[in-house]
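Each chain is listed here by its residues.
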Amino acid sequence: MKTIKRKKLNRRPSAPGEILKDIFLDGNGITQARFAEDLSKLTNNKIKVSTMKTKLSEVIKEKRSMSAEFAVLVSKLLDTNPKMWMNLQTSLDLWIAEKEFEQAS
């Protein structure tokens, strides 16, 4: 069997917040405020709407990584797979780490 090598990704991978905002929220006309409210409701309001708004905003602005817990909530609301969100975050984290290593060398 022939082995196929994938080319190394030279461009910066998309952040999960970027995908969430551009494709799922903006693409469906959903505001961040409404999405944060829906996320809060999903937790039976154990997590306040204001806290969700902050988390959501920070993930979208790439000031915070998407956590596994947040990926699960987002996935339940959007009917997606939480692994997709975590794979996006992991790809970005590894790309950043490789770039930092290359610069340090």
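Attention in this report is confined to the structure presented alongside it.

The rules behind each value
Residues numbered from 1 in each chain as written. Predicted model: local features only at pLDDT ≥ 70, side-chain atom pairs only at ≥ 80, totals over all residues. Heavy atoms only, no water. Axes fitted to C-alpha atoms, helices over the stretch in contact; angles between N-to-C directions. Helix = DSSP H or I, 4+ residues; strand = E, 2+ residues; numbered from the N terminus. Parallel < 35°, antiparallel > 145°, perpendicular 65-115°, else oblique. Contact = heavy atoms within 4.5 Å. Nonpolar A, V, L, I, M, F, W, Y, C, P; charged D, E, K, R; others polar. Buried < 20%, exposed > 50% of the residue type's maximum accessible area, 1.4 Å probe, protein only. Salt bridge = Lys/Arg side-chain N within 4 Å of Asp/Glu carboxyl O. Polar contact = N/O pair within 3.5 Å; in protein donor to acceptor, adjacent residues only side chain to side chain.

### Some words on the packing of helix α2 (residues 32-42) against helix α4 (residues 68-78)
- For the pair α2 and α4, interaxial distance at closest approach is 10 Å and the crossing angle is 105°. Compared by their axis directions, α2 and α4 come out roughly perpendicular. Side by side, α2 and α4 meet where F35, D38, L39 and L42 of the first sit next to F70, L73, V74, K76, L77 and L78 of the second.
- Of the residues contributing to the contact of α2 with α4, the split by class is 8 nonpolar, no polar and 2 charged.

### With respect to α4
- Among all positions of α4, only F70, A71, L73, V74, S75 and L78 are buried.
- Looking at the buried side of α4, the elements it contacts are α1 (16-25), α2, α3 (49-60) and α5 (82-104).
- Positive phi appears at D79, one or two residues downstream of α4, with a value of about 60°.

### Some words on the pattern of salt bridges
- Going through the model one piece at a time under the given rule, you end up with 5 salt bridges.
- One salt bridge in this structure joins D26 and K21, with 2.7 Å as the shortest N-O distance.
- On the accessibility criterion, D26 (44% relative accessible area) is partly exposed.
- The salt bridge partner of D38 is R34, with a shortest N-O separation of 3.9 Å. Here D38 and its partner R34 are both found in helix α2, 4 residues apart, which amounts to about one turn of the helix.

### Things to note about the environment of F70
- Summarising the element assignment, F70 is placed in helix α4.
- Taking relative accessible area as the criterion, F70 reaches 5% and is therefore assigned buried.
- With 14 residues separating them along the chain, F70 and L56 place their C-alpha atoms 8.9 Å apart.
- Those residues in contact with F70 that lie beyond four places of it in its chain are L39, M52, K55, L56 and V59.

### Side note on the side chain of T43
- Here T43 shows up in the loop between α2 and α3.
- From its side chain, T43 meets the backbone oxygen of S40 in a polar contact 2.7 Å long.
- Excluding anything up to four places from it in sequence, T43 contacts M52 and L73.

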